[in-house]
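Structure assessment
Chain residues, written in single-letter form:
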Amino acid sequence: MSSQVAIRLRCRLTGVLLSLLCLLGGPVRADSGGPVTETQAPEADSAIAWLERLGPALNMTSYRGVFVYARGDRVHSMRIAHRYRNGRVEERLVMQDGGSGEIVRKGMNVVCVLPDQGKIRLDQVIPSGPFAEAFTSQLMPFGRWYRPALAGDDRVAGYDVVIVALDARDDNRYSHRLWLEKGTGLLVKSQVRDVSGEVLEQFQFTDLEITDDISDAELEVRSRGREITRTLGSDQQESSGLGRMSGWNLEWQPEGFVPAAAPRSGSGKAVAFSDGLAAFSVFVEPVGRLKMPTGASRIGATTVYMREVTVADRPFLVAVVGEIPPGTARKVADAVSVNDEFVVELSRHDH
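Residues numbered from 1 in each chain as written. Predicted model: local features only at pLDDT ≥ 70, side-chain atom pairs only at ≥ 80, totals over all residues. Heavy atoms only, no water.

**Points about the overall build of the protein**
Scanning the protein for helices and strands turns up eight helices and 19 strands. Put simply, the protein has 351 residues, and 52% of those count as buried. Considering only contacts in the protein between residues 6 or more positions apart, those separated by 24 or more positions represent 58%. Summing over all exposed atoms, the protein offers an accessible surface of approximately 15900 Å²; the carbon and sulfur share of this is 46%. (Helix = DSSP H or I, 4+ residues; strand = E, 2+ residues; numbered from the N terminus. Buried < 20%, exposed > 50% of the residue type's maximum accessible area, 1.4 Å probe, protein only. Contact = heavy atoms within 4.5 Å. Areas by Shrake-Rupley, 256 points an atom, 1.4 Å probe, with all protein chains shown as cover.)

In structure tokens form, the structure reads like this:
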């Protein structure tokens, strides 16, 4: 499991530009109009107005640059070229450390090349971000769970920015700080903070050029290795089965988190939940031969909490994984109850 988690966490870097905020604005459509211009800049006293610019800016602003992503004591960097032309989003992300690999998106088509990892399913390595379109259609207003406010001005990668604070209204979720470029509304830096204000995760451009001059060559796959392709939305029905906790029940979940998608989980059952900004997944699987450690672990803002339950003399592993505090993850895991029908279903498969 450790190697799989490492692969997923590293590849998840590709979604960091949108993993926080594509959820706020919903999917960008070709009829959304042109890029936001400076003449449309919101009033300085309106954090909500800046946030409303954020979703369109992430997709509809063309730029190139390098960003770093820190999770706890782990720091990674990626190079990105992003272009919005004729209503279509195109981008290429290349790992700058920790191994080779790249992801290229052209419209709804995605190619992932990871030469040092072999074949990896895209639904495993891209659980959130610009490629998780299924998440954006099942969201609640984030303002009910976060308190937005302006937090001053700054400069990032040579650009003037405004800082927007999103403070959690309860202890079941983290707070966020967002740095938005003033001319376009583009997200150029973000932080995830716990209740004490400690920074758990941080994303920041170290080099950035906002420009429409992005050539076709900058968006072509260049790495050699096994290519895995996917068309976004082609399996949305299968991958986003909302609210179907078949085989188990959840007696409690943090207020505001609603079923958003169903990640693949081998022979087990899984459902993801989102409050419009943060997300977590619940996995329920029969215990295999390899004994898994139980309890909580955390990398940056991502918590993994696991516990075992026994139903009809059969052990199951309950895992909660997501951007929520460890105490919240434990309460969610403790609220999972496995149905007898799940045991019967597995017994039939065994035979």
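Anyway, onward from the coordinates.
**Section: the confidence of the model for the protein**
This prediction gives the protein a mean pLDDT of 75; 66% of its residues lie at or above 70. A low-confidence stretch, residues 1-45 (pLDDT under 50), is modelled with 113 contacts involving residues beyond four sequence positions or located in other chains. With pLDDT under 50 throughout, residues 234-243 is counted as low confidence; its partners more than four residues away or in other chains account for 20 contacts. (pLDDT = per-residue confidence, 0-100.)

**Focus on the nonpolar core**
In terms of nonpolar packing, the biggest core is built from 54 residues, with Val282 and Val284 touching the most fellow members. By residue number, the principal contributor to this core is strand S7 (residues 159-168), which donates six residues. Excluding residues that lie within four positions of it along the chain, Val282 makes contacts with Trp248, Lys269, Ala270, Val271, Phe273, Ala319, Val320, Val332 and Val336. (Core = buried A, V, L, I, M, F, W, Y, C linked by side-chain atoms within 4.5 Å.)

**Some remarks on the pairing of strand S3 (residues 88-95)**
Burial runs high along S3: seven of the eight residues are buried. Looking at chain direction, strand S2 (residues 74-85) and S3 are connected through eight bridges and run antiparallel. If you follow Arg83 over to S3, its bridge partner there is Glu90. Once S2 ends, the chain turns through two residues before running back antiparallel as S3, passing Asn86 with a positive phi of about 55°. Bridge count between S3 and strand S4 (residues 102-106): five bridges; the pairing is antiparallel. (Pairing = 2+ DSSP bridges.)

**Section: the pattern of salt bridges**
Here the structure, examined in full by the defined rule, presents 15 salt bridges. In this structure, Arg71 and Glu201 form a salt bridge, with 3.2 Å as the shortest nitrogen-oxygen distance. Taken together, the positions of Arg71 in strand S1 (residues 63-71) and Glu201 in strand S10 (residues 199-210) put the pair 130 residues apart, joining distant regions of the chain. Note on Arg71: relative accessible area 3%, which makes it buried. (Salt bridge = Lys/Arg side-chain N within 4 Å of Asp/Glu carboxyl O.)

**Remarks on the environment of Gly327**
Mapped onto the elements of the fold, Gly327 is located in helix H7 (residues 326-334). For the pair Gly327 and Ala296, spaced 31 residues apart in the sequence, the C-alpha separation amounts to 8.8 Å.

**What about unusual backbone geometry?**
Both trends apply: most residues other than glycine have a negative phi, and most peptide bonds are in trans. Unlike most non-glycine residues, Ala157 shows phi in positive territory, near 55°. Note on placement: Ala157 falls in the loop between strand S6 (146-156) and S7. With relative accessibility at 28%, the residue Ala157 sits in the partly exposed group. Look at Asp313: it is not a glycine, yet its phi comes out positive at around 65°. Tracing the sequence through the fold places Asp313 in the loop between strand S17 (302-311) and strand S18 (314-322).

**Thoughts on the environment of Ser337**
Relative to the assigned elements, Ser337 resides in strand S19 (residues 336-338). Exposure remark for Ser337: the relative accessible area of 28% places this residue in the partly exposed category. In this structure, the C-alpha to C-alpha distance between Ser337 and Leu250, residues 87 residues apart in sequence, is 6.5 Å. When neighbours within four sequence positions are excluded, Ser337 is seen to be in contact with Trp248, Asn249 and Glu251.

**Considering the packing of aromatic side chains**
A full pass over the atoms with the stated rule returns six aromatic pairs. With 5.9 Å between their ring centres and 85° between their planes, Tyr63 and Phe205 make a pair best called edge-to-face. Placement of Tyr63 in strand S1 and of Phe205 in strand S10 is noted, with a sequence separation of 142 residues between them. By the burial criterion, Tyr63 is buried, and Phe205 matches it. A centroid spacing of 5.3 Å and a plane angle of 70° characterise the contact between Phe67 and Phe203, whose relative ring orientation is edge-to-face. Remark: Phe203 occurs in strand S10 and Phe67 occurs in strand S1; sequence separation between them is 136 residues. The residues Phe67 and Phe203 share a single accessibility class, namely buried. Members of the aromatic cluster, connected to one another through ring pairs, are Tyr63, Phe67, Phe203 and Phe205. Sitting over the ring of Trp179, Lys189 keeps its end group 4.4 Å from the ring centre. (Phe/Tyr/Trp six-rings, centres within 6.5 Å; stacked < 30°, edge-to-face > 60°. Lys NZ or Arg CZ within 6 Å of the ring centre and 35° of its normal.)

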